[in-house]
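Single-letter residue listing:
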Amino acid sequence: MLPTLPSTHFSRPLSTVKFTFVDADGDYEEVEAEEGDTLLDIAHDNDIELEGACGGEMACSTCHVILEEAVFDALEEAEEEEEDMLDLALGLTDTSRLGCQVCVDSSMSGMKVTLPAEANNMQ
């Protein structure tokens, strides 16, 4: 027979992460997402204009985003394939990443994700 756990032991639900997308005009959209979702998926779920032409397959740079330095520094380094795609991105910065490759976690709560002015969008 399996031991019964005290009622204080519950499975941990995924955390909700709240943060803000900022476009080139300074307009912003606060969003809420579950840990593990990619920035690209979150943008699409919230009607944020972040293209992702390849569907998140890392075959383009249309989901290029600019992260705050602290958030960028906390991420694992981009793989060579992502770096190659970023080289094609317009408006590249030192803290640029592909939105399809960044999964949110609770440490990112309150961050600002900037959409570059030169980004391709879905309009």
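The preceding data block contains the structure.
Residues numbered from 1 in each chain as written. Predicted model: local features only at pLDDT ≥ 70, side-chain atom pairs only at ≥ 80, totals over all residues. Heavy atoms only, no water.

J.: Would you take a moment to explain the overall build of the protein chain for this structure?
T.: When helices and strands are tallied, the protein chain shows three helices and five strands. Listed by position from the N terminus, the elements making up the protein chain come as β-β-α-β-α-α-β-β. By the burial criterion, 37% of the 123 residues in the protein chain qualify as buried. The long-range fraction of contacts in the protein chain, counting pairs at least 24 apart against all pairs at least 6 apart in sequence, stands at 63%. Looking at the protein chain as shown, the accessible area adds up to about 7,900 Å², and 45% of this sits on carbon and sulfur atoms. (Helix = DSSP H or I, 4+ residues; strand = E, 2+ residues; numbered from the N terminus. Buried < 20%, exposed > 50% of the residue type's maximum accessible area, 1.4 Å probe, protein only. Contact = heavy atoms within 4.5 Å. Areas by Shrake-Rupley, 256 points an atom, 1.4 Å probe, with all protein chains shown as cover.)

J.: I'm lost on the side chain of Thr-95 in this one. Help?
T.: Position of Thr-95 relative to the elements: it lies in the loop between helix H3 (80-86) and strand S4 (96-98). Take Thr-95: its relative accessible area is 12%, and that puts it in the buried class. One polar contact links the side chain of Thr-95 to the main-chain carbonyl oxygen of Leu-67, over a distance of 2.7 Å. Leave out the neighbours within four places in its chain, and Thr-95 touches Val-65, Ile-66, Leu-67, Glu-69 and Phe-72. (Polar contact = N/O pair within 3.5 Å; in protein donor to acceptor, adjacent residues only side chain to side chain.)

J.: Help me out: how do you make sense of unusual backbone geometry in this one?
T.: Peptide bonds are mostly trans, and most non-glycine residues show a negative phi. Phi angles above zero are rare outside glycine, and Asp-47 is one such case at about 55 degrees. Residue position: Asp-47 is located in the loop between helix H1 (39-45) and strand S3 (64-67). At Met-58, a residue that is not glycine, the phi angle is positive and equals roughly 55 degrees. Of note, Met-58 is situated in the loop between H1 and S3. Residue Met-58 is classed as buried on the basis of its relative accessible area, which comes to 9%.

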